[in-house]
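Observations on the model geometry
Chain by chain, the residues run as shown.
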Amino acid sequence: MKLTKTLLATTALTVAAGMATADGHMASEMTIVSWGGAYSNSQQQAYHNPYMEKTGVNIINDESSAEAVAKLRAMNEAGNVTWDVVDVVAADAIRLCDEGLAMEIDPDEHLAAAPDGTSAEDDFGDLLVSDCFIPQIVYSTTFGYRTDMVGGTPPTSVCAVFDTEAYPGKRALEKRPINNMEWALLCDGVAKEDVYDVLETDEGQQQALDKLATIKDDVIWWSAGADTPQLLADGEIVMGSTYNGRLFSVIEEQNQPVAMLWDAQVFDLDGWIIPAGLSDERKARALDYIYFATDTQRLADQAKYISYGPARASSAPLVSTHADLGIDMAPHMPTDPNNAKNTFLYNYEFWADYRDDIDAKFQAWLAQ
């Protein structure tokens, strides 16, 4: 349900002036949920620290984004929502919005315009994939591999993950069906444009699981984005999937013998939702934070710390060098032409519709 005009007007005044709500209060503490690791650190540097300095509010970090849907469902059922702003992938935002667990956002009321006056709605454009979702970054899930464990022929295809003869050793894959099912079908001969048509059938889902079964004994299943970089750094796996920003950190910041395999990287969006059911003062604080953290400069600032492309068109020209390393960040972005020669476009609507059913089937398969 959209906010009333009265509340929209109150919110606009609150945000613009950084003042209190109509009843004189905004919450002085807030819990922000994200993914941890290098990604949360980039948010801390670009968003949280300057916001706390500006407002004096205390931000509590929670790293439960991987469980956001289940936990928000439980909080809503219990009538006790303890989170104020939550970082989720786009498909989860769609699910939460459809279930009434996230607040609808009017971009031009709740988000800052671009410096040249372009409306927020136009600046974010097609990345506004849900009425409840405020995108932050474009990222990809892709593979990293140990350069000292792949012999004289480094992998160039994502299907190397299924080739245990050429690349023996353990692999790391995320403990969920998303991306794994798509890669399995691609590497089992399904054309890229047909993957989701195949995957919506029981036969197609079984085909993907059968392909994954060929390497099941060689897989370490990860749940946290930090797992694969650590496994790579420790030499426990030859290759593994994770978010490209995590791999940037282990390669450039930690100087580990790891390289990127960009082939069939899966583009996705990540961003904020505000849970439904907050008190007026917590809602006002959350909206104030969102307005601040998603303006053109702040989104560009995040790219100083991690190799994710900002979601605003007006932010892209402001991306320059890494805040600590001084290296040009553009070549490390998933959207760089050299890295995006063969990408796979994630289907948000498919996973919003099929996630629960395929999740159940995937977890049952894992337990076999």
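Shown above is the structure to which this text applies.
The structure displayed is predicted, hence computed values, not measured ones.

**Considering the packing of aromatic side chains**
To describe a pair of aromatic rings, one takes the distance between the centres and the angle between the planes. Counted by the stated rule, this structure contains 18 aromatic pairs. Between the aromatic rings of Tyr196 and Phe350, the centroid separation amounts to 5.1 Å while the plane-to-plane angle is 50°, which identifies the pairing as tilted. With a gap of 154 residues between them, Tyr196 in helix 8 (residues 195-199) and Phe350 in helix 14 (residues 348-367) connect regions that are remote in the sequence. Under the relative-accessibility criterion, Tyr196 is labelled buried at 12%. In this structure Phe350 comes out as buried when scored by relative accessible area, which is 5%.

**Some thoughts on helix 3 (residues 68-78)**
What helix 3 keeps buried is the set Ala68, Val69, Leu72 and Met75. In an axial view of helix 3, the angular spread of the buried residues amounts to 130°, which keeps them on one side of the axis. Away from the buried face of helix 3 by more than 90 degrees, exposed residues Ala70, Glu77 and Ala78 are located. Here the buried face of helix 3 lies against strand 3 (85-89), helix 4 (90-98) and strand 8 (258-273). Directly after helix 3, the chain includes Gly79, whose backbone phi takes a positive value near 70°.

**Remarks on the nonpolar core**
Grouped together as the largest cluster of nonpolar side chains are 88 residues, with contacts concentrated most on Met181, Trp272, Ile273, Tyr289 and Trp351. The biggest single contributor to this core is helix 14, with eight residues. The next biggest cluster of nonpolar side chains, apart from the first, holds 21 residues, and it includes Ala38, Val89, Tyr139 and Ala172.

**Comments concerning the state of the cysteines**
All chains considered together, the criterion is met by two disulfides. The disulfide bridge from Cys97 ends at Cys132, spanning 2.0 Å between sulfur atoms. One quick way to see it: the torsion about the S-S bond of Cys97 and Cys132 is about 60°, and its sign makes the bridge right-handed. Linking Cys97 in helix 4 with Cys132 in the loop between helix 6 (120-124) and strand 4 (134-146), this pair joins segments that are 35 residues apart in sequence. Exposure remark for Cys97: the relative accessible area of 16% places this residue in the buried category. The disulfide partner of Cys159 is Cys187, and the S-S distance across this bridge is 2.1 Å.

Rules used throughout
- Along each chain, residues carry numbers from 1 onward, in the same order as the chain's sequence is written.
- Owing to the predicted nature of the model, reporting of local features is limited to residues with pLDDT of at least 70; listing and counting of side-chain atom pairs is limited to 80 or more, with chain, interface and lining totals taken over all residues.
- Water and hydrogen atoms play no part in the side-chain values, which are based on all heavy atoms of the structure.
- Planes of paired rings set the category: under 30 degrees apart is stacked, over 60 is edge-to-face and the rest tilted, where pairs are Phe, Tyr or Trp rings (Trp by its six-membered ring) whose centres lie within 6.5 Å.
- Numbered from the N terminus, helices here are DSSP runs of H or I no shorter than four residues, and strands are runs of E no shorter than two.
- Buried means the residue's accessible area, taken with a 1.4 Å probe over protein chains only, is under 20% of the maximum for its type, while exposed means over 50%, and partly exposed covers the values in between.
- When we speak of the arc, we mean the arc of directions from the helix axis to the C-beta atoms.
- Contacts are residue-level and defined by heavy atoms, with any inter-residue pair within 4.5 Å sufficient.
- What is meant by a nonpolar core is a set of buried Ala, Val, Leu, Ile, Met, Phe, Trp, Tyr and Cys residues, joined one to another through side-chain atoms within 4.5 Å.
- Disulfides are defined as pairs of cysteine sulfur atoms found within 2.5 Å of each other.

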